[in-house]
Amino acid sequence: MIIRKAYEVVAETIREQIIQGEWAVGTRLPSVEKLAVRYNVGRSTIREALMSLKAHGWVDVRHGGGTFVLKLTDDAPLWQPPEINDRKQLAAWLELRYILETESAGLAALRRSEGQLAQLHAILHEMALLRDEEALEQADIRFHTSLAEAAGNPLLRGTLESLFSNMGKVMQESRRLWLFAEQSETDRLVEEHRLIVDAVEQSDAPLAKQRMAAHLRKVEQVLEKLNKLPEPEPR
């Protein structure tokens, strides 16, 4: 017998309530706190449920703006979230992230504003001080999406946010293995991000791309460790 996780049960309940018409398309769902009370679970469980629903196209989760219903029928999603033990599928997703984020870093070095640079430095400062797992995860996502915004292409940030939401569970597990095993690993993550920002600040696009590529290679290695698979051939 397969024991389902709490977030999966909550996600299915919300999905069924959407199908039954409790919330119409465009409707904003209750806050995370209210949903936690409604379903008698923790806020982290609600967040995981909402990210699962977003990954399958049911809702749009807007940071700081709430969660909105996108559809009322169970159509096939645009893309399927990767399974952490499916190496071929995971490699395709990581390659897509590599393409998007290395180019994003290079463009940000050429196009960023002083305000966007200040925002990246502020996120770095926040990450250096944080010790809470969930807060670190959110700060990490904000860093990468803010860098994409600094690239100056209005489609890039949205594409990256969609990618992150679909890779949600895989990214979360890799962070927990990497970031939270030792404090030194958290410090290393912050330093890798700082090196990327330094290249962006210097307007050095090739260096920014190189440092982002090195950072993402580390992410790939962590996922290989998590999946207990041998390392692939070098690029």
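As a starting point, this report considers the structure included with it. This one's a predicted model, so the numbers in the text were calculated from it and none came from an experiment.

### Considerations on the overall build of the protein chain
Point 1. In terms of regular secondary structure, the protein chain is built from ten helices and two strands.
Point 2. Traced from its N-terminal end to its C-terminal end, the protein chain shows the element sequence α-α-α-β-β-α-α-α-α-α-α-α.
Point 3. Relative to all contacts within the protein chain whose residues are 6 or more apart in sequence, the contacts with residues 24 or more apart total 64%.
Point 4. Working note: accessible area of the protein chain is about 12,500 Å², and carbon and sulfur atoms make up 53% of it.

### Let's talk about the pairing of strand 2 (residues 66–69)
Point 1. Of the pairings in the sheet, the one linking strand 1 (residues 59–62) to strand 2 comprises four bridges and is antiparallel in character. Looking across to strand 2, one finds that V59 is bridged to V69.
Point 2. In sequence, strand 1 turns back onto strand 2 through a hairpin of three residues, with G64 there showing a positive phi of about 80°.

### Remarks on the side chain of Q17
Point 1. Locating Q17 in the fold gives a position in helix 1 (residues 6–19).
Point 2. Leave out the neighbours within four places in its chain, and Q17 touches E22, W23, R38 and Y39.

### A look at the side chain of R112
Point 1. Position of R112 among the secondary structure elements: in the loop between helix 4 (87–111) and helix 5 (114–129).
Point 2. With a relative accessible area of 16%, R112 lands in the buried category.
Point 3. Side chain to side chain, R112 and E114 meet in a polar contact 2.6 Å long.
Point 4. There is a polar contact of 3.4 Å between the side chain of R112 and the backbone oxygen of V200.

### Looking at helix 2 (residues 32–39)
Side chains three or four residues apart in an α-helix point the same way, a direct result of the helix having 3.6 residues per turn.
Point 1. The set of residues buried in helix 2 consists of V32, L35, A36 and Y39. Along helix 2, the residues classed as buried sweep out an arc of 105° about the axis, all on the same side. Exposed and facing more than 90 degrees away from the buried side of helix 2 are K34 and V37.
Point 2. Backbone geometry just after helix 2 places N40 at a positive phi near 55°.

### With respect to the environment of H63
Point 1. Residue position: H63 is located in the loop between strand 1 and strand 2.
Point 2. C-alpha of H63 to C-alpha of Q138: the two residues are 75 residues apart in sequence and 9.7 Å apart in space.
Point 3. Setting aside its immediate chain neighbours within four residues, H63 contacts Q138 and E161.

### Considerations on unusual backbone geometry
Point 1. Not every positive phi belongs to a glycine, and N40 is a case in point at roughly 55°.
Point 2. Along the chain, N40 falls in the loop between helix 2 and helix 3 (43–55).
Point 3. Phi at S203 takes a positive value of approximately 60°, unusual for a residue other than glycine.

### Details of the pattern of salt bridges
Point 1. Scanning all chains against the criterion turns up nine salt bridges.
Point 2. E33 is the salt-bridge partner of R43, the closest N and O atoms lying 3.8 Å from each other. Taken as a pair, R43 in helix 3 and E33 in helix 2 lie far apart in primary sequence, ten residues in all.
Point 3. Across the pair E149 and R157 runs a salt bridge, and its minimum N-O distance is 2.4 Å.

### Observations concerning the packing of helix 2 against helix 3
Point 1. The interhelical angle for the contact between helix 2 and helix 3, taken along N-to-C directions, is 105°, at an axis separation of 9 Å. Classified by the angle between their axes, helix 2 and helix 3 sit roughly perpendicular to one another. Across the interface between the two elements, V32, E33, L35, A36 and Y39 of helix 2 pack against R43, I46, R47 and L50 of helix 3.
Point 2. Each residue belonging to the contact of helix 2 with helix 3 can be placed in one class, and the counts come to six nonpolar, no polar and three charged.

The rules behind each value
- Residues numbered from 1 in each chain as written.
- Predicted model: local features only at pLDDT ≥ 70, side-chain atom pairs only at ≥ 80, totals over all residues.
- Heavy atoms only, no water.
- Helix = DSSP H or I, 4+ residues; strand = E, 2+ residues; numbered from the N terminus.
- Contact = heavy atoms within 4.5 Å.
- Areas by Shrake-Rupley, 256 points an atom, 1.4 Å probe, with all protein chains shown as cover.
- Pairing = 2+ DSSP bridges.
- Buried < 20%, exposed > 50% of the residue type's maximum accessible area, 1.4 Å probe, protein only.
- Polar contact = N/O pair within 3.5 Å; in protein donor to acceptor, adjacent residues only side chain to side chain.
- Arc of directions from axis to C-beta.
- Salt bridge = Lys/Arg side-chain N within 4 Å of Asp/Glu carboxyl O.
- Axes fitted to C-alpha atoms, helices over the stretch in contact; angles between N-to-C directions.
- Parallel < 35°, antiparallel > 145°, perpendicular 65-115°, else oblique.
- Nonpolar A, V, L, I, M, F, W, Y, C, P; charged D, E, K, R; others polar.

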